[in-house]
Amino acid sequence: MKKNLKHLIGLQDYSTKEIKEIVDLGEKISLSPEKYSNKCHGKILATLFYEPSTRTKFSFESAMLRLGGNIIGFSDANTSSVSKGESVADTIRVMSFYADIAVMRHPKEGAPKLAAEYTNIPIINAGDGGHLHPTQTLTDLLTIQKYKGSLENHVIGLCGDLKYGRTVHSLIKTMARFNTKKFVLISPEELMLPNSLKRYLKENYDLEIIEVRKIEEVIEDLDILYMTRIQRERFFNEEDYLKLKDSYILTKDKIKNAKKDMIIMHPLPRVNEIAYEVDEDKRAIYFNQAKMGLFVRMALIMKLLEVE
Amino acid sequence: MKKNLKHLIGLQDYSTKEIKEIVDLGEKISLSPEKYSNKCHGKILATLFYEPSTRTKFSFESAMLRLGGNIIGFSDANTSSVSKGESVADTIRVMSFYADIAVMRHPKEGAPKLAAEYTNIPIINAGDGGHLHPTQTLTDLLTIQKYKGSLENHVIGLCGDLKYGRTVHSLIKTMARFNTKKFVLISPEELMLPNSLKRYLKENYDLEIIEVRKIEEVIEDLDILYMTRIQRERFFNEEDYLKLKDSYILTKDKIKNAKKDMIIMHPLPRVNEIAYEVDEDKRAIYFNQAKMGLFVRMALIMKLLEVE
Amino acid sequence: MKKNLKHLIGLQDYSTKEIKEIVDLGEKISLSPEKYSNKCHGKILATLFYEPSTRTKFSFESAMLRLGGNIIGFSDANTSSVSKGESVADTIRVMSFYADIAVMRHPKEGAPKLAAEYTNIPIINAGDGGHLHPTQTLTDLLTIQKYKGSLENHVIGLCGDLKYGRTVHSLIKTMARFNTKKFVLISPEELMLPNSLKRYLKENYDLEIIEVRKIEEVIEDLDILYMTRIQRERFFNEEDYLKLKDSYILTKDKIKNAKKDMIIMHPLPRVNEIAYEVDEDKRAIYFNQAKMGLFVRMALIMKLLEVE
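Computed from a predicted model, the values in this text were never measured in an experiment.

### Let's talk about the overall build of chain A
Part 1: A tally of helices and strands in chain A yields 10 helices and nine strands.
Part 2: Dimensions along the principal axes, computed over C-alpha positions, put chain A at roughly 55 × 45 × 40 Å.
Part 3: The buried share of chain A, taken over its 308 residues, is 63%.
Part 4: In chain A, 74% of the contacts between residues at least 6 apart in sequence involve partners at least 24 apart.

### Things to note about the UniProt feature "binding site: carbamoyl phosphate" (unreviewed entry) in chain A
Residues and elements named next belong to chain A.
Part 1: Under the present numbering, the feature "binding site: carbamoyl phosphate" (unreviewed entry) in UniProt falls on Arg55, Thr56, Arg105, His133, Gln136, Leu268 and Pro269.
Part 2: Tracing the sequence through the fold places threonine 56 in helix α2 (residues 54–66).
Part 3: On the accessibility criterion, threonine 56 (9% relative accessible area) is buried.
Part 4: The contacts of glutamine 136, once residues within four sequence positions are left out, are Thr167, Tyr226, Pro267, Gln289 and Arg297.

### A look at the domain arrangement of chain A
When the parts come together, some accessible area is lost, and that loss is often what is quoted as the size of the interface.
Residues and elements named next belong to chain A.
Part 1: According to the domain assignment, chain A consists of domain 1 (11–133 + 291–304) and domain 2 (135–290).
Part 2: Centre-to-centre, using C-alpha coordinates, domain 1 lies 26 Å away from domain 2.
Part 3: Between domain 1 and domain 2, a total of about 2300 Å² is buried, with carbon and sulfur atoms accounting for 58% of that surface.
Part 4: Three residues stand out in domain 1 for area buried against domain 2, namely Leu11, His133 and Met292, and they jointly supply 29% of the buried area on that side.

### A closer look at the interface of chain C and chain A
Part 1: Contacts between the two partners involve 27 residues from chain C and, on the opposite side, 24 residues from chain A.
Part 2: Buried surface at the junction of chain C and chain A, both sides included, amounts to about 2200 Å², of which 58% is carbon and sulfur.
Part 3: On the chain C side of the interface with chain A, the three residues burying the most area are Phe58(C), Arg66(C) and Phe287(C), jointly 29% of the side's total.
Part 4: Linking chain C to chain A there are three salt bridges.
Part 5: Its salt-bridge partner being Arg66(C), residue Asp100(A) comes within 2.9 Å of it at the nearest N-O pair.
Part 6: Broken down by secondary-structure element, the contributors of at least two residues to the side of chain C that touches chain A are α2 (54–66), β2 (70–74) and α10 (286–304) of chain C.
Part 7: The element best represented in the side of chain C that touches chain A is α2(C), accounting for eight residues.
Part 8: For the side of chain C that touches chain A, the per-class residue count stands at 11 nonpolar, eight polar and eight charged.

### Quick notes on the sheet that holds strand β6 (residues 182–186) of chain A
Hydrogen bonds between backbone atoms are what pair the strands of a sheet, whose relative direction is either parallel or antiparallel.
All names here are of chain A.
Part 1: With parallel pairing, the five strands of this open sheet are ordered in space as β7-β6-β5-β8-β9. Strands at the two margins of the open sheet, each flanked by one partner only, are β7 (208–212) and β9 (263–265). Direction aside, the axes of adjacent strands within the sheet are offset by 20° on average.
Part 2: Of the strand pairs in this sheet, strand β5 (residues 155–159) and strand β8 (residues 224–227) are connected by four bridges, and their pairing is parallel. If you follow isoleucine 156 over to β8, its bridge partner there is isoleucine 224.

### So, the side chain of Ser30(A)
All names here are of chain A.
Part 1: On the secondary structure map, serine 30 appears in helix α1 (residues 16–31).
Part 2: Given a relative accessible area of 13%, serine 30 falls into the buried group.
Part 3: Here glutamate 27 takes part through its backbone oxygen, which lies 2.6 Å from a polar atom of the side chain of serine 30.
Part 4: Side chain to side chain, serine 30 and lysine 146 meet in a polar contact 2.7 Å long.

### Side note on helix α10 (residues 286–304) of chain A
Residues and elements named next belong to chain A.
Part 1: With 19 residues, α10 extends 27 Å from end C-alpha to end C-alpha; this agrees with the ideal 27 Å at 1.5 Å per step.
Part 2: Counting buried positions along α10 yields 16 of 19 residues, so the element is predominantly enclosed.
Part 3: Following α10 by one or two positions, glutamate 306 has its phi on the positive side, about 55°.

### With respect to the interface of chain C and chain B
Part 1: Of the residues lining the interface, 24 residues belong to chain C; the matching set on chain B comes to 27 residues.
Part 2: Of the roughly 2200 Å² buried between chain C and chain B on both sides combined, carbon and sulfur atoms contribute 58%.
Part 3: Inspection of the region where chain C meets chain B yields three salt bridges.
Part 4: In this structure, Arg270(B) and Asp90(C) form a salt bridge, with 2.6 Å as the shortest nitrogen-oxygen distance.
Part 5: Listed by contribution, the elements that provide at least two residues to the side of chain C that touches chain B are β1 (44–49), β2 and α3 (88–98) of chain C.
Part 6: The element that contributes the greatest number of residues to the side of chain C that touches chain B is α3(C), accounting for six residues.

### Some points on the sheet that holds strand β4 (residues 123–128) of chain A
Residues and elements named next belong to chain A.
Part 1: Spatially, β2-β1-β3-β4 is the arrangement adopted by the four strands of the open sheet, whose pairing is parallel. Among the strands making up the open sheet, the edge pair consists of β2 (70–74) and β4. Taken over all neighbouring pairs, the strand axes of this sheet differ in orientation by 15° on average, direction set aside.
Part 2: Note: strand β1 (residues 44–49) against β2, five bridges, orientation parallel. Note that in β2 the partner of isoleucine 44 across the bridge is asparagine 70.
Part 3: On top of the sheet, α2 reaches β1, β2, β3 (101–106) and β4; it is set at about 175° to β1, its chief contact.

### Considering the relation of the copies chain C and chain B
Part 1: The two copies are related by a screw motion: chain C maps onto chain B through a turn of 120° and a shift of 0.0 Å along the axis, at an RMSD of 0.0 Å. Here the two chains are linked by the operation of a three-fold rotation axis.
Part 2: Interface overlap between copies is the fraction of interface residues in one copy that are interface residues in the other; for chain C against chain B it is only 12%, indicating separate surfaces.

### Remarks on helix α6 (residues 166–176) of chain A
Part 1: Burial analysis of α6(A) places 10 of its 11 residues in the buried class, the great majority of the element.
Part 2: Listed as buried for α6(A) are Arg166(A), Thr167(A), Val168(A), His169(A), Ser170(A), Leu171(A), Ile172(A), Thr174(A), Met175(A) and Ala176(A).

### Structural notes on unusual backbone geometry
Part 1: With an omega dihedral of -5°, the bond running from Leu268(A) to Pro269(A) counts as a cis peptide bond.
Part 2: With respect to the element layout, Pro269(A) can be found in the loop between β9 and α10.
Part 3: Within the chain, Asn179(A) stands out as a residue other than glycine whose phi angle is a positive 55°.
Part 4: For Asn179(A), the position within the fold is in the loop between α6 and β6.
Part 5: Despite not being glycine, Leu268(C) shows a phi value in the positive range, around 55°.

### Things to note about the pairing of β8(A)
Residue and element names in this part refer to chain A.
Part 1: Here β8 shows two buried faces, one formed by Ile224 and Tyr226 and the other by Leu225 and Met227.
Part 2: As defined by bridge partners, β8 adjoins β9 across three bridges and the pair is classed as parallel. In the sheet register, isoleucine 224 faces β9, and the bridge partner there is isoleucine 263.

Rules behind the numbers
Residues numbered from 1 in each chain as written. Chains lettered and ligands numbered in written order. Predicted model: local features only at pLDDT ≥ 70, side-chain atom pairs only at ≥ 80, totals over all residues. Heavy atoms only, no water. Helix = DSSP H or I, 4+ residues; strand = E, 2+ residues; numbered from the N terminus. Buried < 20%, exposed > 50% of the residue type's maximum accessible area, 1.4 Å probe, protein only. Contact = heavy atoms within 4.5 Å. UniProt positions renumbered as here; feature names shortened; annotations may be inferred. Domains from an automatic or database assignment. Buried area = accessible area lost by both parts, 1.4 Å probe. Salt bridge = Lys/Arg side-chain N within 4 Å of Asp/Glu carboxyl O. Nonpolar A, V, L, I, M, F, W, Y, C, P; charged D, E, K, R; others polar. Pairing = 2+ DSSP bridges. Axes fitted to C-alpha atoms, helices over the stretch in contact; angles between N-to-C directions. Polar contact = N/O pair within 3.5 Å; in protein donor to acceptor, adjacent residues only side chain to side chain. Expected span 1.5 Å × (residues − 1). Least-squares fit on C-alpha atoms with pLDDT ≥ 70 in both.

Next comes the structure, spelled out in structure tokens:
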């Protein structure tokens, strides 16, 4: 097995400089994607989705095709035969002959990390259970840099399920490394950011954290409002879900006092946590955010394949 | 969103001239497909099949690959994750960043039309419920032009389920625009062409319509015999299905008095409505028809992507 | 339909010379695969998997992409719509317009053979029920040639389920044609090689066959040790399976008296029939074997498409 080979399991393994390089390359690609249309000619990306996620799979596949490469993959371990009792280690060892780089989504925490130990091709974690999903965070970072001009010194509001939301935890930990000025945590009491994470932030970074219950209380102050879905499957009972699900719906009315250049982000898919009327607002950039996901994945594939 | 952008939702939105242009380009492609092998280099087609249809999906994928483009897609909304409560509008908005053109099959009438309103890439309707399936009709038109020399002045027999058959309704409405001489409708009483459609034809076109029960009564008169399947799922009860399903099976014997240059068409898949013995007959061109489907889809993709 | 067209249904249809040519081309490709990266530019491979087999599908897809070609396909007849009552003959006739070559896996014995009769594109059998799986045998042959220098004069040990194992039967019959010196059959009594096959070998070839119960009895004598899985689904009752499944597990200890240049092969996936500790041993080449599968499939596709 090659030494020094770089996978992307979680952003905690990457230096701030390395993250910034990927984001910067993503931004360069976003300006003229056609210049990169042949960078991975002859290379194959394998998309190993042990759990379905059409959107994420598509974004990686499109990224590789836009680089001139090719794709193979499966979208569901059940309709594939990969679950015949074979270990993930054996599967990935064989797959590494068929592809030059692999993206893995797996219901079990740690599966992509394990896979990376048994292969000599780069592995990208595209979500392992409720654990990590680093390319979503890279997408968010490129979006912030592109639409706010820089990653630094922002007041960032995060709204919704801050307790279980993997996307939010990863974004907070990563943005903290880029001199975030203030995190404004907006959530129901039941779904507040875990204390361990708050403690970690206070001990390691010089930034402000405030917690509120309502978007309206803090909207004027925000540079970025990051909305998330309150997922039914995170609740222990239906009653709690029904009580809370509609409390954190963004409407035109709720953003009427927001800054003119505030940006509204969302990892998508949205269900009803942002009213359709908000889509028309210039500050609503969540669809552009999905587009940035394409460019940052192109950048990541290039970095891992050491293509210039 | 771009203005003036062309989708293909249904052929009723296209002028006769526009339809003819696609058919003519399809015919040109059929003569030397290799000349078109690089026309869509670098372009991506997304096949969004919310309901499986392997054959249609394959024909579009092959068409795009034969043009030098690439493909991404899913073949079943259940094993994909697109049904997580997200609207079709949101899904298509995101997909439009990953692809340059999309083909959609959806169990709900109107879904492709809705999708077209929310995207800036061309959308092709590959079947929406029992409603429209315009590329089948384009396939039929190219087949008729190729094997009968022209689209005009034919006596066209249509046999089978004329009541529910989406393919037949669309073909009749479109061929009527190309100066069809006569439609000969061959069906059991229970599955006759809807009166509303007959009325529409009589009010708008100068053509003859006759209705019969048996193929043999009219076979001598036909330039084209279009066979269709009597689908079990269209019947309210099993008894009716069993009584009727075998009544409209084409055999060698039934075509013995047909014109030498009559062509026998079928949209495929066939189950048992055409006996295998008929396959040997030169007039049986239903497999060639499937081939024409490839060429007309290549033509359609080129037109919608404005590639010359 | 073209005459003289070559499919690969089973290796019994190929001359020893033809087999050797494919293996030799596979070995040449293995030395510098990049030289072949454009051999099938513009060609399409259809992977028709009526039963899932991710690994086999991937190896064919990767082979075609590595040759510069493209792929379409389905991985499960249930989520596809190919099972709508249409005959395999009709399906393949249509598919042959969409692709230049097709790989078929089907639960029913003989389905690929039938398909080959109805198409003018080459058909490769990628497994038809418990019947044939010729590209696994080609993979094994290339591995033997590559790692033992030649296909001839070996003492080959075969261990595990020799009664039902399709892979083993095909390998034995094919290697017998290449002057194998001795077959050493290692299996529980319940899973011995069928008498009919033993008789066939004795009547047609000048080679030795011995049968034993334990790996340790014969390990010193072997040039090649071919391990196979004892599949739960082959047993009539759970009790028999539990009793036998662990008896034929290869460990470091069991190979301590083996020749230094013996090779250990396995068709993969393995479950527990080879202990993980054996992976470290230089003689364990089963992962390289999977890699050879890629090269031999590239060679096969080139031969069938008559690409030089």
